[in-house]
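Chain and residue survey
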Amino acid sequence: MITSMDFLLWAKGPMFQIAIAVFAVGILIRLVEIFALGRRHNYAEARGSELLPGMQTVVRRFQADPGTLKHAPFDVVVGTIWHIGFIVALLLFIPHVELIKSTFGIGWPALPNPVVDGITAITLLGLLAALVHRLTHPVKKFLSTTEDYLIWGVTFLVVLTGYLAYHRLINPYPLALGIHILTAEVFLIVLPFTKLTHIFTAFVARWYNGANFGRKGVQS
Amino acid sequence: MSTTTSTNATPAAGPFSLQRGLQALREEMDAPVASFFSSCVHCGLCATACPFHVETGDPKYTPIYKLEPMRLLWEQEYTLWGKLKGKIGLGKQVTDEMLEEWEPLLYDSCSMCGRCSMVCPVGNDIAYMIRKAREGMVASGHAPEGLIAASVRAVNTGSPMGLQWKTLEVQIKHAETASGLTVPLDQQGADYLVLLSSMEIINFPEYLEAITKIFDHAGVSWTLSKDCFEATNAGIQIGNKDIAAKLTQRVVDAAVKLGVKNVISPECGHAYTAIRWEGPNNIGRAYPFKVFHIIEVLDQLRADGRIKTEGKEMERLSMHDPCNLARKSGVIQQQRNLMDLVADNFVELKEHGKYQWCCGAGGGVSSNERAEPLKMAAFKRKKAQIEEVEPERMVTMCATCRTQLEEGLEEFNMDIPVIGLTEMIAEHLKESD
């Protein structure tokens, strides 16, 4: 009989290796697919440079422009909150920092558990609000595909199972932890093949955007 | 489905086909496009930046949605996942019907103003991709009648409106009589070759008179070319590289023949982006001359102290930045410097410069009769902006924007005249002793 501990060990062991491998190879393929296409030489005399404006756009797009903040405050506020919450829970929760340290050999200070707990709860609420918005807002509803809802589910489950495991709401604990690790692995495996790639490619897209405009003397 | 099959079976049946359209789209795929499509999360924020969506409320006018056929082709042929899906028969095909359905989205409801490119959180330059997607539309035979007619006229007569040199000659005579000066024609070795737009020649001939006066006042050596007076490029608006290259080459030939050092784009935003940014890429080499918008030239003359003005406009004036000039070309401060010279009571529209809103007529929308209702709908955003600051007159520096502002303001019974900035400068030139 498979015990919850067996399940946890499988999730932490072979399954983790598979997930990391699919994620790493997948994202590498995606980036190669993008960069291999290249860009045509631009013969028009540039007004500004590409490099720095491109890098500035990478940073600037973390903050909404005044118009977007005014026209879509819900998107900006809720989107910002749950993205930050997700990243904080991922990178600043003590067990996650430990895992990163043991896997990659680099570590950093973590936040106290109650703080991460609160932020996780807010993130879950933010994600729920984002889903309701997607289901009701005319443009979002119109644009949304099955993939958009699936990816919402994959993202929500990672955070939810983490929250449930921390609060010991699933028993026994090895099962709770195993489920959380498995959802994280699903997240990693689907990442390179879905819109989750934006986690990496948005930096590339922003740079090209900033470079296109920067060349013409506009900071985008 | 049957149509797709038959089109597939006869790829060489005519100059336009689905196969040619898809091939044209493939040629437009590059690293930026792939990074943009990879990054879209369907947040829909680009819709809030688009006057066509904002004023109609129709979700199908969401900018990124206008690129769905191109995105689909990219996914199928340029991603491993898409190729796998295609192999097991899961991939949706781009069909001729799909392209037909997208024609009004890519032409009637987009002026390529680029405002969506400024707000996308993941950084997608959507306008950059719309320009590319249009190449596929032309090659597949799905471009609007109005733009096809304009392109044919541009190739055959040199003007998208079919304007002949003799029409311009009448306007030249008129400018000479009104100014008491001579308009230089085919002056070998002049510093500046001045180009015009047909719309300007027909609707705003006062522009030619204005530059004749200003250049005389500032002692600028300039000329018109009888070989080529048209600055606009219908090939770029419709999305056809071959036509675009042909029209660009005419300007280059005229400039080289006269041995000019600089070419001046008229008060036309499109013409400026066409000749300044796209032209060299159309012909595949750098120009042996520099290109300026007339506003850049005037501001340089101002900075050099070569324009002396007297008197100021006392009316409350506001200004419309043409998208092509400001957001898409970085000419933003120059028009403000010139306004300071002649306007005493200038008030900015709230969102201006790189964040300005399009008038609704650019990117070929105004040459596409079918788009007329959408063009007027999109104008309502500009109208709302103008109402916020209640100017007595509007100033702009693009003949298409100006025509749209005049028509739109009249449509909504707003008594606000529109004037070109170059003209306004000419009205304030200090009389020489």
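Residues numbered from 1 in each chain as written. Chains lettered and ligands numbered in written order. Predicted model: local features only at pLDDT ≥ 70, side-chain atom pairs only at ≥ 80, totals over all residues.

Let us now look at the overall build of chain A. Counting its secondary structure elements, chain A contains eleven helices and zero strands. When its helices and strands are written in sequence order, chain A yields α-α-α-α-α-α-α-α-α-α-α. Taking the principal axes of its C-alpha atoms as reference, chain A extends roughly 70 × 35 × 35 Å. The buried share of chain A, reckoned over its 220 residues, is 32%. Sequence separation of 24 or more characterises 75% of the internal contacts of chain A that already satisfy a separation of 6 or more. (Helix = DSSP H or I, 4+ residues; strand = E, 2+ residues; numbered from the N terminus. Buried ≥ 20, exposed ≤ 12 C-beta atoms within 10 Å, placed from the backbone. Contact = placed C-beta atoms within 7 Å.)

The subject of this paragraph is the domain arrangement of chain B. Residue and element names in this part refer to chain B. Under the domain assignment, chain B is made up of domain 1 (2–143), domain 2 (158–301) and domain 3 (308–427). Once you take the C-alpha centre of each, domain 2 and domain 3 turn out to be 22 Å apart. Between domain 2 and domain 3, the residue contacts involve 28 residues of the former and 28 residues of the latter. Elements with a minimum of two residues in the side of domain 2 that touches domain 3: α13 (198–203), α14 (206–218), α15 (234–238), α17 (269–283) and α18 (294–303). Of the residues in the side of domain 2 that touches domain 3, the class split is 14 nonpolar, seven polar and seven charged. (Domains from an automatic or database assignment. Nonpolar A, V, L, I, M, F, W, Y, C, P; charged D, E, K, R; others polar.)

This next bit is on the confidence of the model for chain B. All names here are of chain B. Confidence along chain B averages 95 in pLDDT terms, with 96% of residues attaining 70 or more. Low pLDDT (under 50) marks residues 1–12, which in the prediction has eleven contacts with non-local residues, meaning those over four places away or in another chain. With a pTM of 0.95, the predicted complex shows an ipTM of 0.97. (pLDDT = per-residue confidence, 0-100.)

Residue and element names in this part refer to chain B. With parallel pairing, four strands are arranged side by side in an open sheet as β6-β5-β7-β8. Strands at the two margins of the open sheet, each flanked by one partner only, are β6 (343–346) and β8 (418–420). Direction aside, the axes of adjacent strands within the sheet are offset by 45° on average. Bridge count between strand β5 (residues 313–319) and strand β7 (residues 393–396): three bridges; the pairing is parallel. Pairing of leucine 317 across the sheet is with arginine 393, part of β7. Here helix α19 (residues 333–342) sits on the sheet in contact with β5, β6 and β7, set at roughly 115° to β6. (Pairing = 2+ DSSP bridges. Axes fitted to C-alpha atoms, helices over the stretch in contact; angles between N-to-C directions.)

Time to look at the nonpolar core. Membership of the largest hydrophobic core comes to 145 residues, with the highest contact counts inside it found for B:Cys46, B:Leu193 and B:Leu195. With nine residues, the top contributor of residues to this core is helix α10 (residues 126–139) of chain B. Every residue in contact with B:Cys46, bar those within four places of it in the chain, is listed here: B:Thr62, B:Pro63, B:Ile64, B:Cys116, B:Val119, B:Cys120 and B:Ile126. Of all hydrophobic cores here, the second largest spans 24 residues; its members include A:Ile119, A:Leu127, A:Val159 and A:Leu188. (Core = buried A, V, L, I, M, F, W, Y, C linked by C-beta atoms within 7 Å.)

Counting residues at the interface gives 45 residues for chain A, matched by 48 residues for chain B. Broken down by secondary-structure element, the contributors of at least two residues to the side of chain A that touches chain B are α2 (14–35), α4 (66–71), α8 (138–143) and α11 (198–215) of chain A. Tallied by class, residues from the side of chain A that touches chain B come to 17 nonpolar, 14 polar and 14 charged.

This part covers the packing of α2(A) against helix α3 (residues 31–39) of chain B. With their axes 7 Å apart at the nearest point, α2(A) and α3(B) run at an angle of 140° to one another. As summarised for this structure, α2(A) and α3(B) are arranged oblique, according to the angle between their axes. Residues A:Arg30, A:Glu33, A:Ile34 and A:Phe35 of α2(A) lie in contact with α3(B), whose contacting residues are B:Ala31, B:Ala34, B:Ser35 and B:Ser38. Partitioning the contact of α2(A) with α3(B) into residue classes produces four nonpolar, two polar and two charged. (Parallel < 35°, antiparallel > 145°, perpendicular 65-115°, else oblique.)

Moving on: unusual backbone geometry. Residue A:Asn171 is joined to A:Pro172 through a cis peptide bond whose omega torsion reads -5°. For B:His42, which is not glycine, the phi torsion reads 60° and is therefore positive. Looking at the secondary structure, you find B:His42 in the loop between α3 and α4 (45–48).

On to the sheet that holds strand β2 (residues 222–223) of chain B. Residue and element names in this part refer to chain B. Reading across from one edge, β2-β1-β3-β4 is the order of the four strands in this open sheet, with parallel pairing throughout. At either end of the open sheet lies a strand with only one pairing partner, and these are β2 and β4 (290–293). Contacts from α18 reach β3 (262–265) and β4 within the one sheet, and its direction differs from that of β4 by about 90°.

Quick look at the packing of helix α5 (residues 73–92) of chain A against helix α7 (residues 113–136) of chain A now. Residue and element names in this part refer to chain A. At a closest axis distance of 8 Å, the pairing of α5 and α7 adopts a crossing angle of 140°. Taken together, the axes of α5 and α7 are oblique relative to one another. Of the two elements, α5 crosses α7, and the hand of that crossing is left-handed. Each of Phe74, Val78, Gly79, Ile81, Trp82, Gly85, Phe86, Val88, Ala89 and Leu92 in α5 lies in contact with α7, whose residues at this interface are Val116, Ile119, Thr120, Ile122, Thr123, Gly126, Leu127, Ala129, Ala130 and His133. (Left-handed = near helix turned anticlockwise from the far one by under 90°.)

Turning next to the environment of B:Cys110. Residues and elements named next belong to chain B. The residue cysteine 110 is located in the loop between α8 (96–107) and α9 (115–119) in this model. A sequence separation of 49 residues divides cysteine 110 from tyrosine 61, and the C-alpha atoms of the two residues are 8.4 Å apart. The residues touching cysteine 110, leaving out its near neighbours within four places in the chain, are Phe52, Lys66, Ile130 and Gly363.

The subject of this paragraph is the pairing of β5(B). Residues and elements named next belong to chain B. Across three bridges, β5 lies against β6 in parallel orientation. In the strand pairing of β6, arginine 316 is matched with asparagine 345. Note that the unit made of β5, α19 and β6 has a crossover that is right-handed. (Right-handed = clockwise from strand over helix to strand, strands pointing away.)

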